[in-house]
Amino acid sequence: MAELQGLGAELSEAEKAGVQVVAVSPDPNERSHTMAKGLHLGYRFLADRDLAVCRRYGLIHPRGGPNGEDVPRPATVVLDREGIVRWMSLSTNFQVRPDPGDVLRAVRALGA
Amino acid sequence: MRATPLAVVSLLLAVAAPVAYILLIRVPIVRNHPGAYVAAFAVALALAVLALVRGRGRRWPAWIALGVSALLLAGGTWFNLVVARVPMTPTVLRVGERPPDFTLPDAEGRPVSLAQFRGKPVVLVFYRGYW
């Protein structure tokens, strides 16, 4: 969720009300939920336990997990009001995530 | 130039770089530049070599600094370029296109579809879990 840190702080209340964050992870929900509280964003956590959606989207890092299991390839995607992709960032190094400022600019470009 | 102070600086740098990276992992500019700690290991190694080649006095601290920085440089480079690398994947996501809809359970187990957020800009984040 590193990609979202700072986003909540930088958006105005009106902007926060106008943006929906949809977070998809195989992680058990409770921890993700706790984390989301600090973000102050319209936020829905969705559990992709068996990575079915990640697989359909082609976002799998094969055997990338600590025990050699498949894990999601970290990705951040900004969709406009019609559900069209307007900006995206796919990770090539799991330490590196998109700069929250870049996500913010992509969201603001939609007039959120 | 005395060898020991140089060796101490080398050791401090080699230890401080990864500690600082981990402590500041939530600061995007730090997190997004993991190459910085690898560069710090390389500088620490250069300082240890300098201490051995040009330094006067006791040599064993410089040898320790050399060993530590060389190991960290090798390990850090391997971690950054091999372990942390995420392979390119044939994603269906394209800028300008609508990705396929999906339905997944939310935290309370209720089914939620991507399409139901139409009308609002959406930041869709795929992540591995806690980190």
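Keep in mind that what you see is a predicted model, and the values were worked out from it rather than measured. (Residues numbered from 1 in each chain as written. Chains lettered and ligands numbered in written order. Predicted model: local features only at pLDDT ≥ 70, side-chain atom pairs only at ≥ 80, totals over all residues. Heavy atoms only, no water.)

Concerning the sheet that holds strand β3 (residues 122–126) of chain B
Two strands in a sheet stick together by hydrogen bonds in their backbones, pointing the same way (parallel) or opposite ways (antiparallel). Stated precisely, the cut-off is as follows: Should DSSP find at least two bridges between two strands, the strands are taken to pair. Here a helix means four or more residues in a row that DSSP labels H or I, a strand means two or more in a row labelled E, and each is numbered from the N terminus. Axes here mean lines fitted to C-alpha atoms, for a helix over just the part in contact, with angles spanning 0 to 180 degrees between N-to-C directions.
Within the open sheet, the 5 strands sit side by side as β2(A)-β1(A)-β3(B)-β5(A)-β6(A). Their pairing is mixed. Unpaired on one side and paired on the other, β2 (42–47) and β6 (85–90) of chain A mark the two borders of the sheet. In this sheet, neighbouring strand axes are inclined to one another by 15° on average, regardless of whether the strands run parallel or antiparallel. Bridge count between strand β5 (residues 75–79) of chain A and β6(A): 5 bridges; the pairing is antiparallel. In the strand pairing of β6(A), Val77(A) is matched with Met88(A).

With respect to the packing of helix α3 (residues 35–54) of chain B against helix α4 (residues 60–83) of chain B
Residue and element names in this part refer to chain B. Applied cut-off: Angle categories are assigned with fixed cut-offs, so that under 35 degrees is roughly parallel, over 145 is roughly antiparallel, 65 to 115 is roughly perpendicular, and the rest are oblique. Crossing handedness is read from the near helix: turned anticlockwise from the far helix by less than a right angle, it gives a left-handed crossing, and turned clockwise, a right-handed one. Should any heavy atoms of two residues lie within 4.5 Å, those residues are counted as being in contact. Each residue is assigned to one of three groups, with Ala, Val, Leu, Ile, Met, Phe, Trp, Tyr, Cys and Pro labelled nonpolar, Asp, Glu, Lys and Arg labelled charged, and all others, Gly among them, labelled polar.
Closest axis-to-axis distance for the α3/α4 pair is 8 Å, and the angle between their directions is 155°. In this view, α3 runs roughly antiparallel relative to α4, as classed from their interaxial angle. For α3 against α4, the interelement crossing comes out left-handed. Where α3 abuts α4, its residues Gly35, Tyr37, Val38, Phe41, Ala42, Ala44, Leu45, Ala48, Val49, Ala51 and Leu52 lie against Ala62, Trp63, Ala65, Leu66, Ser69, Ala70, Leu72, Leu73, Gly76, Thr77, Phe79 and Asn80. Looking at the contact of α3 with α4 residue by residue, the class counts come to 18 nonpolar, 5 polar and no charged.

Looking at the side chain of Asn93(A)
Note the cut-off: Think of a polar contact as two N or O atoms within 3.5 Å of one another; within protein, one of them needs to be a possible hydrogen donor and the other a possible acceptor, and neighboring residues in sequence only count if both atoms come from side chains.
Within the secondary structure, Asn93(A) sits in the loop between β6 and α5 (100–108). Polar side-chain contacts of Asn93(A) include one of 3.3 Å to the side chain of Asn80(B). Non-local contacts of Asn93(A), meaning those with residues more than four positions away in its chain, are made with Pro34(B), Asn80(B), Ala84(B), Arg85(B) and Val86(B).

Regarding the packing of helix α1 (residues 3–23) of chain B against α3(B)
Two packed helices can be described by the angle between their axes and the distance between those axes. Residue and element names in this part refer to chain B. Contact pair α1 / α3: the axes reach a minimum separation of 8 Å and the direction vectors enclose 170°. By the angle between their axes, α1 is roughly antiparallel relative to α3. Where α1 approaches α3, its residues Ala3, Leu6, Ala7, Val9, Ser10, Leu13, Ala14, Ala17, Pro18 and Tyr21 are matched on the opposing element by Tyr37, Ala40, Phe41, Val43, Ala44, Leu47, Ala48, Leu50 and Ala51. When the residues that make up the contact of α1 with α3 are grouped by side-chain class, the tally is 18 nonpolar, 1 polar and no charged.

Examining α1(B)
Residues and elements named next belong to chain B. Rules: Working rule for helices: expected span equals 1.5 Å times residues minus one. Given a residue, its bend is the angle between the two axes fitted to the seven residues that end at it and to the seven that start from it. Note on exposure labels: buried denotes an accessible area under 20% of the residue type's maximum, exposed denotes more than 50%, and partly exposed covers the range between, all computed with a 1.4 Å probe on protein chains only.
With 21 residues, α1 should cover 30 Å at 1.5 Å per step; its first-to-last C-alpha distance of 30 Å lies within 8% of that length. At Ala16, α1 shows its largest kink, close to 25°, and the proline Pro18 lies no more than four residues downstream. Those residues of α1 not exposed but buried are Ala3, Thr4, Leu6, Ala7, Ser10, Ala14, Ala17 and Tyr21. Next to the buried residues of α1 lie α2 (28–31), α3 and α4.

Focus on the interface of chain B and chain A
What counts, and what does not: Once two parts are joined, some of their accessible surface, as seen by a 1.4 Å probe, is lost; buried area is that loss totalled over both. In what follows, salt bridge is the name for a side-chain nitrogen of Lys or Arg lying within 4 Å of a carboxyl oxygen of Asp or Glu.
The interface is formed by 52 residues belonging to chain B together with 69 residues belonging to chain A. Buried surface at the junction of chain B and chain A, both sides included, amounts to about 5800 Å², of which 60% is carbon and sulfur. By the criterion of area lost to chain A, the three top residues of chain B are Phe126(B), Tyr127(B) and Arg128(B), representing 16% of everything that side buries. Across the chain B-chain A interface, the total number found is 1 salt bridge. Joining chain B to chain A, the criterion identifies 31 residue pairs in polar contact (both at pLDDT 80 or more). Of all elements in the fold, only α2, α4, β1 (103–105) and β3 of chain B reach the threshold of two or more residues within the side of chain B that touches chain A. The element best represented in the side of chain B that touches chain A is β3(B), accounting for 5 residues. The class makeup of the residues in the side of chain B that touches chain A is 32 nonpolar, 7 polar and 13 charged. Where strand β1 (residues 20–25) of chain A lies against β3(B), 5 bridges are found, and the strand directions are parallel. Paired with Gln20(A) across the bridge in β3(B) is Val122(B).

Observations concerning the pairing of β5(A)
Buried residues dominate β5(A), accounting for 5 of its 5 residues. Residues Ala75(A), Val77(A) and Leu79(A) point to one face of β5(A) and Thr76(A) and Val78(A) to the other, with burial holding for every one of them. Here β5(A) hands over to β6(A) after 5 residues, with Gly83(A) in that stretch at a positive phi of 85°. Strand direction decides the pairing type here: β5(A) and β3(B), joined by 5 bridges, are antiparallel.

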